[in-house]
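# Secondary and tertiary structure notes
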Amino acid sequence: MRVCFFLLIVSFLSQVSFAAIVNVPGDQPTIQAGIDAAVNGDTVLIEDGHYHELISFLGKSIVVASHFILDSNYQHITSTIIDGDTAIVSLIADTGSVVRFVNDETNASILTGLTISAGIGTPWAAFGSGSERHGGGVFCLNASPVISNCEFGSSTGPSGEAIFCDSANSCIIEHNRLNDKVIYLHESGAIVNNCIDIQALGIEGHFPVLVEYSVMQLLYIAYASVDVQYSVCGNISKDGYYASTCNFTNCTILGNVHHSTGHPEHLYFTRCIFAQEGGTLLQSYDGFIHINCSVMREYDMLCMCLNPVDTNNVFIADPLFCNAGAGDYYLQTVSPALPNNNACEQLIGALRAGCGVEVTAFQIIGESFNNVVNQVPILSWNFIDYDNQWEDSFEVAVGTDDDWAYAEMWNPAPFVGPDTFVTYAGAELLDGQTYYLRLRVHNSLAWSEWYETSFRMNSVPSEPALSSPPDSAIVSTTTPYLYVLNSTDAEGDDLFYDIFVEVDCVLYAGSDIPEQIDTTGWQVDPPLFDNWIYFWSARAFDGYEYSDMSSYRTFWVNAIEEPPSPFDLSWPPDTGWSQVYQFPTTFWWGMSHDYDPFDSVYYRLEIAIDSEFTFVATYDSIYATTDTVLLDYSTHYWYKVTAVDTKDNETVSNGIGDFMTWILGDVNHDFAANVGDAVFLINYIFKSGYPPINMKAGDCNGDCCVNVGDAVYMINYVFKSGPDPLIGCDNCD
């Protein structure tokens, strides 16, 4: 029997939390050694290879698996084989099954992703007698493991049983390929799900069993109550000695149903196809059969029954399989078993329509249907060809609506060839617009139905507006918070923001900041430099496209209030007793700077007649680095300058200057007006001696000439109480 069921590939990575991994043969040389070393919660992970051994789970809650659980690659299943060939593996009297669960294992004991081959089974005494071997592949006794995603290979013992379970409450047998082997459940509750190529499924006992999405040549039920759903069965045999109920829902039954019982029992068939041609379809003794909303070929061959058959909505018709002779029991589109073709308006049987060619999926490569960015998107599709033909052409259209009276955007002629993708070449696609698309393929025999969908061109988020700090603001921390007003997005996508801070080619960036309520903020990190000016901007991202960059703003950092910088005094020179001859006197000092943003500096000049500045004159609010003051003659002065910023931080000049103002008549600069000055002048005039340091000082009589008259003037001043020396001229010769 060939039926096109697909094994569902399930990765246990999402179901099992690995406490530890024991690698075989990396950590342990054999699978059994790996099991011996494992503890509850561990995974025994088996490399691809052929392992000749028989294994037992020893009651441990562990996973024994191939690398299939890592990547769901089916090749790992066929390449990782546990082989119980007795010609290689020594046979122990009570051990002939490849895998045994005989120590109260539960659903936490998982066998998955392996090929099980060549076991001969384990001796088992049914009802206290006999020693037949059962379960050549897997033997379960008083255990309820999970057996999933396994293939069962060549011989599995005299009984032909790939899997045997006895006295188990809740075995799970799913996603397995039996390759014409037997599953036998004795007094065992179980779920048999998505198992294919079963030669016979035997269920005997008093525990309920659920069978779904599976394919078997024979279903044998003794005593048990069984639910069978969406499965394909060859023949069904129901036997028992007490009243039980079996439900068959959406099943495709290819052979006879034999119901033999000594007590009244009920079999319910709902939405089933009975495909037997000729011969008796149902045989029942004492039991009751109920058929509802089902399709059968020949009503007059319905029954050889002791009790009448209860029927409701039974359609006598050919179910119109795609190719029953080749084992293909999918339905033609005109089959009476399809919802549109029967009065029940429901699918009847296990399999849907599947003849011809069908587009099953559509993609825009690299894009989300709700957020297409590429203006020339690449359209791609998947299809199933139930006739084993090749796609030879396809037709595609794109419009602004789905009435298809006219494809407004793109309506090319059919493309010839097997390609499953095409690049859009229609009119310009506009951001924020929804477009409708349809596609069908041809397989040399017929066109598929149109596959219709829609897509939306992504809208770029609006440009975010900078909120805080305002432009040219001063922030008082080196890690300020920057805020932007949230952008808008037409698709309502979650938005993220990038905020950039730049200075002198150095970039600080906050990336992928999730949107907050109304405004979105980011605290700058790492810290910025104090007293620097920074430029900042932002953009929004909807997961697909970035908005335009916002306009730039600036801010200054002033985390620390700093006083003005140090500076030096320049003039008068700090020489202690040197004389200053300039009246009024000009003071000079170096410039002080305040590096705080927008801060400025003014100066305060203080002049005292004592070094302690007890008697001082203050000249304030000087914004230049110079000031002119009228001083007294013949006086010793001290002075200092203080720089003051707008925050009243002060810095005093480096050092204090002191000097002597001009002593009138002191020609020789000995800080006294006496006869020595007359002698100094006579030496200068008559003996080519040194000139006065300042010619103005030598003009003692104020006649604008330095000559013998000045010497006579000083002699009269010193010895004859003559008039005081005069200031003299600036241009004496």
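Relevant structure appears above.
We now turn to the structure provided with this report. Quick caveat, the model's predicted, so the values are computed rather than measured. (Residues numbered from 1 in each chain as written. Predicted model: local features only at pLDDT ≥ 70, side-chain atom pairs only at ≥ 80, totals over all residues. Heavy atoms only, no water.)

## Re the overall build of the protein chain
Of the regular secondary structure elements, the protein chain holds 6 helices and 58 strands. Dimensions of the protein chain, computed from C-alpha atoms along their principal axes, come out at roughly 170 × 70 × 45 Å. A separation threshold of at least 6 residues defines the contact pool for the protein chain, and within that pool the share at least 24 residues apart is 53%. For the protein chain, the computed accessible surface area is about 32300 Å², with 52% contributed by carbon and sulfur atoms. One finds the centroid of the 21 positive side-chain charges in the protein chain at a distance of 3 Å from the centroid of its 92 negative side-chain charges. (Helix = DSSP H or I, 4+ residues; strand = E, 2+ residues; numbered from the N terminus. Contact = heavy atoms within 4.5 Å. Areas by Shrake-Rupley, 256 points an atom, 1.4 Å probe, with all protein chains shown as cover. Lys, Arg positive; Asp, Glu negative; His and termini not counted. Charge placed at Lys NZ, Arg CZ, Asp CG, Glu CD.)

## Focus on the nonpolar core
Counting residues in hydrophobic clusters, the biggest one holds 65 residues, and the most contacted among them are Val64, Leu111, Leu219, Phe248, Phe269 and Phe274. With residues up to four places along the chain from it excluded, the contact list for Phe274 reads Ile253, Val257, Phe269, Leu281, Leu282, Ile291, Ser294, Val295, Met296 and Arg297. (Core = buried A, V, L, I, M, F, W, Y, C linked by side-chain atoms within 4.5 Å. Buried < 20%, exposed > 50% of the residue type's maximum accessible area, 1.4 Å probe, protein only.)

## Structural notes on the state of the cysteines
Two cysteines whose sulfur atoms are joined by a covalent bond form what is called a disulfide. Under the definition given, this model contains 2 disulfides. Disulfide partner of Cys293: Cys344, at an S-S distance of 2.1 Å. Of this pair, Cys293 sits in strand 30 (residues 288-296) while Cys344 sits in the loop between strand 34 (328-331) and strand 35 (357-364), and the two are 51 residues apart along the sequence. Here Cys293 matches Cys344 in class, with each residue buried. Between the sulfur atoms of Cys704 and its disulfide partner Cys729 the distance amounts to 1.8 Å. Its torsion about the S-S bond being -55 degrees, the disulfide of Cys704 and Cys729 is classed as left-handed. Of the two residues, Cys704 sits in the loop between helix 5 (695-698) and helix 6 (708-719) while Cys729 sits in the segment after helix 6, which places them 25 residues apart along the sequence. (Disulfide = S-S within 2.5 Å.)

## Section: the pattern of salt bridges
For the coordinates displayed, the defined rule picks out 9 salt bridges. Put simply, Glu151 and Arg177 hold a salt bridge, and the shortest N to O gap is 3.8 Å. On the criterion of sequence distance, the pair formed by Glu151 in strand 14 (residues 151-152) and Arg177 in strand 17 (residues 177-186) is long-range, its members being 26 residues apart. Taking the relative accessible area as the measure of exposure, Glu151 reaches 13% and is therefore buried. (Salt bridge = Lys/Arg side-chain N within 4 Å of Asp/Glu carboxyl O.)

## Brief notes about the environment of Asn371
The topology assignment puts Asn371 in the loop between strand 35 and strand 36 (378-385). Residue classification places Asn371 among the buried residues on the basis of a relative accessible area of 3%. Sequence separation of Asn371 and Ala608 is 237 residues, and the distance between their C-alpha atoms is 81 Å. Ignoring any residue separated from it by four or fewer positions in sequence, one finds Asn371 in contact with Arg456, Asn458, Glu491, Asp493 and Tyr544.

## Some thoughts on the packing of aromatic side chains
Enumeration over the complete set of coordinates arrives at 32 aromatic pairs. The lysine or arginine in question, Arg438, covers the ring of Trp450, its NZ or CZ lying 3.8 Å from the ring centre. Taking the ring centre of Trp447 as reference, the NZ or CZ of Arg440 above it sits at 4.3 Å. (Phe/Tyr/Trp six-rings, centres within 6.5 Å; stacked < 30°, edge-to-face > 60°. Lys NZ or Arg CZ within 6 Å of the ring centre and 35° of its normal.)

## Quick word on the side chain of Asp493
When you line up the elements, Asp493 lands in the loop between strand 44 (481-485) and strand 45 (496-503). One buried charge, Asp493, has no salt-bridge partner; the nearest side chain with opposite charge is Arg456, at 7.4 Å. Setting aside chain neighbours within four positions, we find Asp493 in contact with Asn371, Asn458, Asp542 and Tyr544.

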